[in-house]
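Structural characterization, general
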Amino acid sequence: MKPYDVAAIRARFPSLANTLPDGRPIAFLDGPAGTQVPQSVIDAYSDFFLRANANNGGLFSTSRAQGEVEDAAHRAAEDLLNAPKESVKFGANMSTLNFQLSRSLARELKAGDEVIVTQLDHDANYSPWRLLAEDHGLVLKTIRLNAADGTLDMEHYASLLGPRTKIVATGMSSNALGTINPSKRIVEAAHAVGALTVLDAVCSAPHYPVDVQALDTDFLLCSPYKFYGPHAGLLYGKLPLLERFGRYKVRPAHDLWETGTPAFEAMAGVTAAINHIAWIGAEFGDPADHAPLSGRRGQLRAGLKAITRYETELVRLLLDGVDQISGVQVRGITDRARLNERTSIVSFTMDFATPDEAAEHFGNDGIQVWSGDFYAPNAIDALGLTEKGGVLRTGLMSYNTADEVQRLLASLKALASLKTLAASKS
Ligand SMILES: Cc1ncc(COP(=O)(O)O)c(C=O)c1O
């Protein structure tokens, strides 16, 4: 097993070499809003348009080539999620797929039935259910967030479950605070009362292995543009459930969920992105981490475990550095013994600057981060931060470096001194 070589990984991403107009390097710490892509993803687009640009099902060579691209993408997505054949569907993005899924599940729901969501989640895993409840007279129940560490209140969850619970739709990990939720426990408890489960894995899939069979979830959604791929969405469903609930399609379409002409070129890119993660596994993964899977599934598992280990060290560095700067509060899990309960999305607030001010300051230093609520308004509200502009979010991805974390910390220190000086003069 070779040590994790971030330089070799970065060399595969041409955009990481971009600079500010004055030549300073750019630190892409904005990954949770969408990652950069390796050259292989860019090449896959060109290859599709040069070689396979046809609609599907034609009796001619480019259409056959297109069919191979489509098949390859489905096999890759199934491998990433350790899903059975034909159980992963492509769509425009997670939000659109979740609206489609929720409307499809509504076929078997009656007024008074209950849907459980969480206060922590991205709105794409909240509003589809909120609006469904409004349209069909359902009862929407929301699992509370523990504001102190950004975790879900599992006792509250237990108290919400009951005989009328039909759907439990929860995020696997938070795009705002980085919390990893106990998804397996959530699924088990939902199944115990006969409810179906939907997991939002958008912010999990880039950071650690997501195994739909181990989770035993009924449905799961994620977005390849968060794991080094193009803009697209993925929906996993247990095969009998996909069959039972699939409905909204035009008649000649052969698939119950993929209707209309999809972005075939994005499918080509998704395969390349997944192969990139498998490459990390093959190069830098621990062979012991492949088990119990083999082939590309094993490589993906090992790759994502190697990524988790690497990103966790960056988180530790960032948390240790932030501790040295007064007036900065990390929102979410900071206990070093619990870093396995969080991803490498680290958000904080500052006494000396608003999140927007800080994001602009970092941006001027070539450090790209996001500020605000990141479409997780309920979570930001629960923390009492809505009026204060939310939080400053950094996303440490498999291609980010310790140097970039140090640059962020230096820039944060400079901002703290600047603001403190300005305050002392006024
Ligand atoms: C946790 C989470 N869920 C859902 C979404 C929505 O995904 P999409 O942009 O594919 O609709 C996002 C996007 O940021 C997200 O972070």
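Rules behind the numbers
Residues numbered from 1 in each chain as written. Predicted model: local features only at pLDDT ≥ 70, side-chain atom pairs only at ≥ 80, totals over all residues. Heavy atoms only, no water. Near = heavy atom within 4 Å. Polar contact = N/O pair within 3.5 Å; in protein donor to acceptor, adjacent residues only side chain to side chain. Areas by Shrake-Rupley, 256 points an atom, 1.4 Å probe, with all protein chains shown as cover. Nonpolar A, V, L, I, M, F, W, Y, C, P; charged D, E, K, R; others polar. Domains from an automatic or database assignment. Contact = heavy atoms within 4.5 Å. Buried area = accessible area lost by both parts, 1.4 Å probe. Salt bridge = Lys/Arg side-chain N within 4 Å of Asp/Glu carboxyl O. Helix = DSSP H or I, 4+ residues; strand = E, 2+ residues; numbered from the N terminus. Pairing = 2+ DSSP bridges. Axes fitted to C-alpha atoms, helices over the stretch in contact; angles between N-to-C directions.

All right, on to the site of the ligand then. As a structural note, the neighbourhood of the ligand is formed by Asn 93, Met 94, Ser 95, His 122, Ala 124, Asn 175, Asp 200, Val 202, Cys 203, Ser 223, Tyr 225 and Lys 226. Here an oxygen atom of the ligand and a backbone polar atom of Met 94 are 2.8 Å apart. Between the ligand and the protein, one listed contact pairs an oxygen atom with a side-chain N or O atom of Ser 95 at 2.6 Å. Here the ligand, which alone exposes 390 Å², has 90% of that area covered by the protein. Grouping the amino acids of the shell around the ligand by side-chain chemistry returns 5 nonpolar, 5 polar and 2 charged.

Split by domain assignment, the protein resolves into domain 1 (6–33 + 298–417) and domain 2 (42–276). With 38 residues of domain 1 in contact, the opposing surface of domain 2 contributes 33 residues. Taken together, both faces of the contact between domain 1 and domain 2 bury some 2900 Å²; the carbon and sulfur share is 61%. Put simply, domain 1 and domain 2 have 1 salt bridge between them. Two residues, Arg 338 and Asp 149, come together in a salt bridge whose shortest N-O distance is 3.2 Å. Between the two partners, domain 1 and domain 2, sit 15 residue pairs in polar contact (both at pLDDT 80 or more). Elements that contribute at least two residues to the side of domain 1 that touches domain 2 include exactly helix H11 (295–323), strand E12 (345–350), helix H13 (377–382) and strand E15 (391–395). If you tally residues by element for the side of domain 1 that touches domain 2, the top one is H11, at 7 residues.

Ordered in space as E11-E12-E15-E14, the 4 strands form an open sheet in which the pairing is antiparallel. Lying at the two open borders of the sheet, with one neighbouring strand each, are strand E11 (328–331) and strand E14 (370–372). Going across the sheet, the axis of each strand differs from the next one's by a mean of 30°, ignoring polarity. Relative to E12, E11 runs antiparallel, the two being bridged by 4 bridges. Following the sheet pairing, Val 330 is matched in E12 by Phe 348. Here helix H12 (residues 355–364) sits on the sheet in contact with E12, E14 and E15, set at roughly 40° to E15.

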